[in-house]
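Below, each chain spelled out in residue letters.
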Amino acid sequence: MSEETSKTAIYGNVKIQGDHAARLRREAAARKLSLPALITEYTLRGLETQGPKETSETTDFNLRTEA
């Protein structure tokens with residue numbers, strides 16, 4: 001991956017309904033996180049299980065979303 005590509009942000013929309021949406025709302029409220037922050041956390045966890053170890057950018061982001 002080129003340096004330019006690795007610094008380009010990506011954005012996406014996710015539609016979650018039903019029981020999964022209810023579970024995310026409960027968890028976000030219990031952890032005092034916004035829904036986008038919680039969804040991002042789950043996304044990053046999924047990427048981590050498929051790819052190399054965390055980069056410093058990912059670690060920094062995780063620390064900001066958990067604060």
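See above for the structure.
In this text, all values refer to a predicted model and were calculated from it rather than measured experimentally.

## Thoughts on the packing of helix 2 (residues 18-31) against helix 3 (residues 35-50)
- Running from N to C, helix 2 and helix 3 cross one another at 105°; their axes reach a closest spacing of 9 Å. In this view, helix 2 runs roughly perpendicular relative to helix 3, as classed from their interaxial angle. Residues Arg23, Leu24, Arg25, Glu27, Ala28 and Arg31 of helix 2 lie in contact with helix 3, whose contacting residues are Leu35, Leu38, Ile39, Glu41, Tyr42 and Arg45.
- In terms of residue class, the contact of helix 2 with helix 3 is built from 6 nonpolar, no polar and 6 charged.

## Describing unusual backbone geometry
- Located in the positive-phi region is Lys32, a residue other than glycine, with phi close to 55°.
- Mapped onto the secondary structure, Lys32 falls in the loop between helix 2 and helix 3.

## Brief notes about the environment of Ala21
- In this fold, Ala21 is placed in helix 2.
- Taking the relative accessible area as the measure of exposure, Ala21 reaches 9% and is therefore buried.
- C-alpha separation for the pair Ala21 and Leu35, spaced 14 residues apart in sequence, amounts to 9.7 Å.

## What to know about the side chain of Glu41
- On the secondary structure map, Glu41 appears in helix 3.
- Glu41 sits in the buried class, given a relative accessible area of 7%.
- Here the side chain of Glu41 touches Arg45 through a polar contact of 2.3 Å, side chain to side chain.
- Apart from residues lying up to four places away in sequence, Glu41 is in contact with Arg31 and Leu33.

The rules behind each value
- Residues numbered from 1 in each chain as written.
- Predicted model: local features only at pLDDT ≥ 70, side-chain atom pairs only at ≥ 80, totals over all residues.
- Heavy atoms only, no water.
- Axes fitted to C-alpha atoms, helices over the stretch in contact; angles between N-to-C directions.
- Helix = DSSP H or I, 4+ residues; strand = E, 2+ residues; numbered from the N terminus.
- Parallel < 35°, antiparallel > 145°, perpendicular 65-115°, else oblique.
- Contact = heavy atoms within 4.5 Å.
- Nonpolar A, V, L, I, M, F, W, Y, C, P; charged D, E, K, R; others polar.
- Buried < 20%, exposed > 50% of the residue type's maximum accessible area, 1.4 Å probe, protein only.
- Polar contact = N/O pair within 3.5 Å; in protein donor to acceptor, adjacent residues only side chain to side chain.

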